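Each chain, letter by letter, is given below.
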Amino acid sequence: MNIISTLWGIVALLLAVLALFPLLGWANWFILVFAVIGLIIGAFGQRKTGMMLNGIAILIACVRLFIGGGII
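Bear in mind that the values here come from a model prediction, so they are computed numbers and not experimental data.

1. Some words on the overall build of the chain
Each helix and strand in the chain was counted, giving three helices and zero strands. For the chain, the sequential pattern of α-helices and β-strands runs α-α-α. At 12 Å, the chain has a C-alpha radius of gyration in line with the 11 Å of a compact globule built from 72 residues. In terms of principal-axis extent, the alpha carbons of the chain reach across some 35 × 15 × 15 Å. The buried share among the 72 residues of the chain stands at 38%.

2. Considering the side chain of Asn54
Tracing the sequence through the fold places Asn54 in helix 3 (residues 49–68). Judged by relative accessible area, which is 0%, Asn54 ranks as buried. At a separation of 3.4 Å, a polar atom in the side chain of Asn54 contacts the main-chain carbonyl oxygen of Ser5.

3. Remarks on unusual backbone geometry
Even without a glycine there, the phi angle at Leu23 is positive, about 70 degrees. For Leu23, the position within the fold is in the loop between helix 1 (2–18) and helix 2 (27–43).

Calculation notes
- Residues numbered from 1 in each chain as written.
- Predicted model: local features only at pLDDT ≥ 70, side-chain atom pairs only at ≥ 80, totals over all residues.
- Heavy atoms only, no water.
- Helix = DSSP H or I, 4+ residues; strand = E, 2+ residues; numbered from the N terminus.
- Rg over C-alpha atoms; globule rule 2.2 N^0.38 Å.
- Buried < 20%, exposed > 50% of the residue type's maximum accessible area, 1.4 Å probe, protein only.
- Polar contact = N/O pair within 3.5 Å; in protein donor to acceptor, adjacent residues only side chain to side chain.

The analysis is restricted to geometry; functional conclusions fall outside its scope.
Structure below.
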């Protein structure tokens, strides 16, 4: 479970960084859902690495949505 969640978190972080570019802010809504699923998967593992990666991706996406007003 931990490997899946860690890989899921890495992909979510890469997508979150990509969505920081202007006019790609709408992608953060999909990243939020993607990262929450990874966070749930990571909660069942023994190590918390994947859970932390997904949590950071959620934080980045939420801050970006807050700055952009939820859309942009």
